[in-house]
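Letter by letter, the chains look like this.
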Protein chains: 2
Amino acid sequence: MTGPHTALIALDWGTSSLRAYRMGAAGEILETRSSGAGIQHLPAPGEDGFEAAFEAICGDWLAAAPVPVVAAGMVGSAQGWREVPYLRCPAGPDALAGASLGFETRAGHRVTIAPGLIHDPEGGTPDVMRGEEIQIAGTLAAHPEAARDALIVLPGTHSKWASLRDGQVAGFATYMTGELFAVFRAHSILGRLMPEAAPDAEDWDAFGEGLERARDGALGHALFSVRTLGLTGRIAPEGLADYMSGLLIGHEILAAAEAEGQDRPLYLVGEGELCRRYERALSQLLGRAPAAQPGNPAPAGLFSLAGAAGLLAPEKETSHV
Amino acid sequence: MTGPHTALIALDWGTSSLRAYRMGAAGEILETRSSGAGIQHLPAPGEDGFEAAFEAICGDWLAAAPVPVVAAGMVGSAQGWREVPYLRCPAGPDALAGASLGFETRAGHRVTIAPGLIHDPEGGTPDVMRGEEIQIAGTLAAHPEAARDALIVLPGTHSKWASLRDGQVAGFATYMTGELFAVFRAHSILGRLMPEAAPDAEDWDAFGEGLERARDGALGHALFSVRTLGLTGRIAPEGLADYMSGLLIGHEILAAAEAEGQDRPLYLVGEGELCRRYERALSQLLGRAPAAQPGNPAPAGLFSLAGAAGLLAPEKETSHV
């Protein structure tokens, strides 16, 4: 199963899932595995849980080929395997590698964990990311032109809008769009009129109406229309979740566009279904299309981190990380 | 217990509670009772539950003095005792009385339920209230000068900003501030760093910082600062809920002031503790103070409804309602 050409094992280790990539010397993915052993769902508490999840997902790969391991995501948080402090923006790929933390597992494998990023502008509030910085690094590996001046948008539970300038992440902003949607649907009056099961197909009309309503302003007021449009029968129960999705995504896109400027090249990174929503929203609200949609750039980002950290070049195997 | 001077029984019957007022001919409150038998917590399902809760809270009053009964709140909703359709804005106190619905209970008591209000502006989304229209009527009874041109603000789970013009409720807007606070605290990542138990005292510094941060704009982004200010230790865990409260109330007040104009007389209606927060917020963000704070105007509103519906004048006891 494991060939002699394995060069790196890369782990994307988040809160709710763990993904492992066995990669070749040119950065190609030779094999992918995933497990539910996110840092909040480990098989045992604390250190034992990390060791066990690690062994389960890539122990045999390492037995066959003892290569370097890099990891990113919540595995480097205060609740992670090792805490790797946030690196301050502006920060580029080399700084990311320099701030990563190497350690040995109990079985003697060397693991290098990437830091998260913190953006802490004067007079503002701080913003943080963990995991997305590696997706950004992967996006830049595939689209080096983005490093000069671009917005990289990573939709999700906590969407990130990263501003790239002069080869560095100059800053970024988090929008809690995905979490707000989930929490309102499950725990607020807004979910009350929605059917229990998600409808089979998207209601793009309702989604588009939600986008349009996002222009009306204050979210705390606009949200109540999810209820009243349902109560008055103007949107069918099956369409209410898509209407709310449009309202929340529209709120995010309009606010981020106002904060970041509308003319910069824009890269949309993430899962297909969610990115389709953002594509529609960008088109309807701003008349814009993304410059590219890099899919899942995490493996490429981890490979790039390993390179910048000197883990891939034989003569640097004993580097500082 | 019940004297011969009882003129009206007034019920403020909401989702989670039922309050009953025995009132005299001049609108004075002779006795107050409350129970947990809101329409979602009735002692039995459906009609039986309403009859039982009604009998329990005021059966003895009616046995002693068979006076008219008026009610307002969710008791008139589709899930209520009788559904009373929403009345469209603009609407004044007389229209409210005209659109109320009278019926007889099984025991033969006549009960008159007030309608809710719907504001459905051209090109906008509809907004609804049930119960607050009676608090507005009570506010106008105590402060008739407000009817000409004022904002009546009712903070709560779903805060209402009602615009009064020429003796009528011209329109209103709902802000989901109270529900957002509760849902984020209990079910989102934002509550994660807050202590389980509410702190003994308000942290007004944290509240004030939240208000200030509300000026930064998009709520979906600003909310994430509840987490990052906690993570970075800039706000202590005990202050995070008050910071979030400030952020949400500030968002409401800034948006409503922008929508409604900042110079109109402003009446703040509701519970003391919550109103104190709104008072601070109005002062800090807009440099404004409320014209008056009418406390709980629901009994006065119900009394006024009864008068407008002709229920209090002996010669009109067989009116249309």
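Scope of this entry: the structure provided in the associated data block.

Definitions and limits used
All residue numbers refer to position in the chain's written sequence, counted from 1. Written order determines the labels here, with chains lettered from A and ligands numbered from 1. With pLDDT at 70 or above as the cut-off, local features in this predicted model cover only qualifying residues; side-chain atom pairs require 80 or more to be listed or tallied, and sums for whole chains, interfaces and linings still use all residues. Hydrogens and water molecules were not included; the side-chain quantities draw on all heavy atoms of the structure. Exposure is judged per residue with a 1.4 Å probe applied to protein chains only, and the accessible area is read against the type maximum: over 50% gives exposed, under 20% gives buried, and values in between give partly exposed. Numbering of helices and strands runs from the N terminus, with a helix taken as a DSSP run of H or I at least four residues long and a strand as a DSSP run of E at least two residues long. We define a polar contact as two N or O atoms separated by no more than 3.5 Å, with the added condition that, inside protein, one atom must be a possible hydrogen donor and the other a possible acceptor, whereas residues neighbouring each other in sequence contribute only through side-chain atom pairs. We call a set of buried residues a nonpolar core when its members are Ala, Val, Leu, Ile, Met, Phe, Trp, Tyr or Cys and they connect through side-chain atoms within 4.5 Å of each other. Any two residues whose heavy atoms approach within 4.5 Å are treated as being in contact. The criterion for strand pairing is that DSSP finds at least two bridges linking the strands in question. Interaxial angles span 0 to 180 degrees and are taken between N-to-C directions of axes, which are lines fitted to C-alpha atoms, for helices over the stretch in contact. Fitting of the copies onto one another was done by least squares over C-alpha atoms, counting residues only where both copies have pLDDT of at least 70.

1. Comments concerning helix α5 (residues 204-213) of chain A
So, point 1. Every buried residue of α5(A) is accounted for by A:A206, A:F207, A:G208, A:G210, A:L211 and A:R213.
So, point 2. Among the residues of α5(A), the N-terminal cap falls to A:D203, whose side-chain oxygen and the backbone nitrogen of A:D205 are separated by 3.2 Å.

2. Some points on the nonpolar core
So, point 1. Ranked by internal contacts, the top residues of the largest apolar core, which has 46 residues, are A:F184, A:L223, B:F184 and B:L223.
So, point 2. Put simply, the parts of the chain that give this core at least two residues each are α4 (177-187), α6 (219-222), α7 (224-231) and α8 (240-260) of chain A together with α4 (177-187), α6 (219-222), α7 (224-231) and α8 (240-260) of chain B.
So, point 3. With residues near it in sequence (within four places) discarded, B:F184 still touches A:L180, A:F184, B:L190, B:G191, B:L223, B:M244 and B:L248.

3. Some thoughts on the sheet that holds strand β13 (residues 266-268) of chain A
All names here are of chain A.
So, point 1. Strand order in the open sheet formed by 4 strands is β12-β11-β10-β13, and the pairing between neighbours is mixed. Edge positions in the sheet fall to β12 (168-175) and β13, since each of these pairs with one other strand and no more. Averaged over all pairs of adjacent strands, the angle between their axes in this sheet comes to 20°, without regard to strand direction.
So, point 2. Looking at chain direction, strand β11 (residues 159-165) and β12 are connected through 7 bridges and run antiparallel. The residue bridging A162 from the neighbouring strand is F172, located in β12.
So, point 3. Strand contacts of helix α3 (residues 132-142): β10 (149-154), β11, β12 and β13, with the helix running at about 130° to β10, the strand carrying the most contacts.

4. Quick word on the sheet that holds strand β2 (residues 18-24) of chain B
Residues and elements named next belong to chain B.
So, point 1. Spatially, the 6 strands line up as an open sheet ordered β3-β2-β1-β4-β7-β6, and their pairing is mixed. Of all strands in the sheet, those with a lone pairing partner are β3 (29-35) and β6 (101-104), marking the two edges. Going across the sheet, the axis of each strand differs from the next one's by a mean of 20°, ignoring polarity.
So, point 2. On top of the sheet, helix α1 (residues 46-64) reaches β1 (6-13), β2, β3, β4 (69-72) and β7 (110-113); it is set at about 155° to β1, its chief contact.
So, point 3. Packed on one face of the sheet, helix α10 (residues 298-308) meets β1, β2, β3 and β4 and runs near 120° to β1.

5. Thoughts on the relation of the copies chain B and chain A
Both copies of the chain are related by a screw-like operation: a rotation about an axis and a shift along it.
So, point 1. Between chain B and chain A, which share one sequence, the superposing operator has a rotation angle of 180° and an axial displacement of 0.0 Å; the RMSD is 0.1 Å. Such a combination of turn and shift is consistent with a two-fold rotation axis.
So, point 2. Mapped onto chain A, 100% of the interface residues of chain B are again interface residues, and the two copies thus contact each other with one and the same surface.

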